[in-house]
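Residues per chain are reported as follows:
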Amino acid sequence: MKHAPFIAVEGPIGAGKTTLATMLANEMQLPVIKEIVDENPFLDKFYQNMDDWSFQLEMFFLCNRFKQLEDTTTQYIDKGKSVISDYHIYKNLIFGERTLKGSKRDKYREIYHILTDDFPKPDIIFYIRADLDTLLARIAKRARTFEEIIAPAYLQQLIEDYDDAMASLARREPSTVIITIDGNKVDFVENPEDFAAIAEQLKELMK
Ligand SMILES: Nc1ncnc2c1ncn2[C@@H]1O[C@H](COP(=O)(O)OP(=O)(O)O)[C@@H](O)[C@H]1O
Ligand SMILES: Nc1nc2c(ncn2[C@H]2C[C@H](O)[C@@H](COP(=O)(O)O)O2)c(=O)[nH]1
């Protein structure tokens, strides 16, 4: 592994991405890039009416992450510095393919590739899988008001979409190291030894 990998933590809503990315960044003394959520003006409208608001929402996330990834590239990656992020830009496509329809989905897909295809991609992905009950419990624990009305069926579909997307990414980009964490069994928040095992894997990869 390169001495300055770009690391991402991924997984469906509430899986523990921000928590794990922050914990690993502290342990490894790495800068951490966190997606913006609370400043997104469309999320609450989106959960109330997905068809009406999905295009604005996905475009907001895409434009915001485009800027973040641009800055991450110039401030860290181009300078050979390791960095960890609580998302992979690919999540924009995972969600967009599900929440958009017809010509809006086609246009969004084209815009996504125009904006992101030439960006550096993470060398290491920690992919947190978890079942519906675990995600619902963690979303409730996080207690964001606008997430209270997330339909379980939407979340279950995202769980399946993430599995398909990670398998597709592994086929497309065989050099990317994908470490899958079973979020139903591994608890890096409550069990220090679980976190230590994950951190050890990252240290080995960064040697
Ligand atoms: N392994 C875990 N065990 C218990 N609680 C967790 C775990 N991972 C995350 N949480 C909690 O679940 C909520 C969602 O975590 P977060 O990191 O925000 O997830 P994500 O970034 O994937 O949406 C937070 O309240 C967090 O403290
Ligand atoms: N439709 C989309 N929703 C997204 C996207 N990225 C994040 N989100 C939503 C999901 C959660 O309600 C909240 C925070 O996401 P976490 O994964 O950190 O829980 O924002 C997206 O690209 N499209």
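Small disclaimer: the values here were computed from a predicted structure and weren't measured.

Thresholds applied
- Residues numbered from 1 in each chain as written.
- Chains lettered and ligands numbered in written order.
- Predicted model: local features only at pLDDT ≥ 70, side-chain atom pairs only at ≥ 80, totals over all residues.
- Heavy atoms only, no water.
- Helix = DSSP H or I, 4+ residues; strand = E, 2+ residues; numbered from the N terminus.
- Rg over C-alpha atoms; globule rule 2.2 N^0.38 Å.
- Contact = heavy atoms within 4.5 Å.
- Areas by Shrake-Rupley, 256 points an atom, 1.4 Å probe, with all protein chains shown as cover.
- Lys, Arg positive; Asp, Glu negative; His and termini not counted.
- Charge placed at Lys NZ, Arg CZ, Asp CG, Glu CD.
- Near = heavy atom within 4 Å.
- Polar contact = N/O pair within 3.5 Å; in protein donor to acceptor, adjacent residues only side chain to side chain.
- Nonpolar A, V, L, I, M, F, W, Y, C, P; charged D, E, K, R; others polar.
- Expected span 1.5 Å × (residues − 1).
- Buried < 20%, exposed > 50% of the residue type's maximum accessible area, 1.4 Å probe, protein only.
- Salt bridge = Lys/Arg side-chain N within 4 Å of Asp/Glu carboxyl O.

(A) Main features of the overall build of the protein chain. When its secondary structure is counted, the protein chain shows eight helices and five strands. On C-alpha atoms alone, the protein chain measures out to a radius of gyration of 17 Å, which is about the 17 Å that the 2.2 N^0.38 rule sets for 207 residues. In terms of overall dimensions, the protein chain has C-alpha extents of about 50 × 35 × 30 Å along its principal axes. Once local pairs closer than 6 in sequence are excluded, the contacts in the protein chain between residues at least 24 apart make up 80%. Carbon and sulfur atoms make up 53% of the accessible area of the protein chain, which amounts to about 10200 Å² in all. Taking the average place of the 26 positive charges on the side chains of the protein chain and the average place of its 35 negative ones, the gap between the two points comes to 3 Å.

(B) Looking closely at the site of ligand 2. The environment of ligand 2 is formed by 18 residues, the closest being E35, Y47, E58, R65 and E147. K17 has a polar side-chain atom sitting 2.8 Å from an oxygen atom of ligand 2. One nitrogen or oxygen atom from the side chain of E58 is found 2.7 Å from a nitrogen atom belonging to ligand 2. Elements that contribute at least two residues to the shell around ligand 2 include exactly helix 2 (43-48), helix 3 (50-75) and helix 4 (91-99). If you tally residues by element for the shell around ligand 2, the top one is helix 3, at four residues. When the residues that make up the shell around ligand 2 are grouped by side-chain class, the tally is nine nonpolar, one polar and eight charged.

(C) Broad picture of the site of ligand 1. Among the 13 residues in the neighbourhood of ligand 1, the closest are listed as G16, K17, T19, R142 and D187. Taking T18, its main chain carries an N or O atom lying 2.9 Å from an oxygen atom of ligand 1. Here D187 contributes a side-chain N or O atom positioned 2.9 Å from a nitrogen atom of ligand 1. Within the complex, 87% of the 560 Å² of free accessible area of ligand 1 lies under protein. Contributing elements (two or more residues each) for the shell around ligand 1: helix 1 (17-28) and helix 6 (132-142). Grouping the amino acids of the shell around ligand 1 by side-chain chemistry returns four nonpolar, four polar and five charged.

(D) Geometry of helix 7 (residues 152-172). For helix 7, spanning 21 residues, the distance from its first C-alpha to its last is 30 Å, which sits close to the expected 30 Å at 1.5 Å a residue. Those residues of helix 7 that fall on the buried side of the exposure criterion are Y154, L155, L158, I159, D161, Y162, A165, M166, S168 and L169.

(E) Region of interest: the pattern of salt bridges. A full pass over the atoms with the stated rule returns 14 salt bridges. One salt bridge in this structure joins K91 and E35, with 3.5 Å as the shortest N-O distance. Taken together, the residues span a long stretch of sequence, with K91 in helix 4 and E35 in the loop between strand 2 (32-33) and helix 2 at a distance of 56 residues. For K91, a relative accessible area of 5% corresponds to the buried category. You can call E35 buried: its relative accessible area is 18%. Taking the shortest distance from any N to any O, the salt bridge between R109 and E97 comes out at 2.6 Å.

(F) Expanded view of the environment of M166. On the secondary structure map, M166 appears in helix 7. The spacing of M166 and I125 is 41 residues in sequence and 9.5 Å in space, taken between C-alpha atoms. Once you skip the residues sitting within four places of it in the chain, M166 turns out to touch E10, I94, I125, Y127 and I178.

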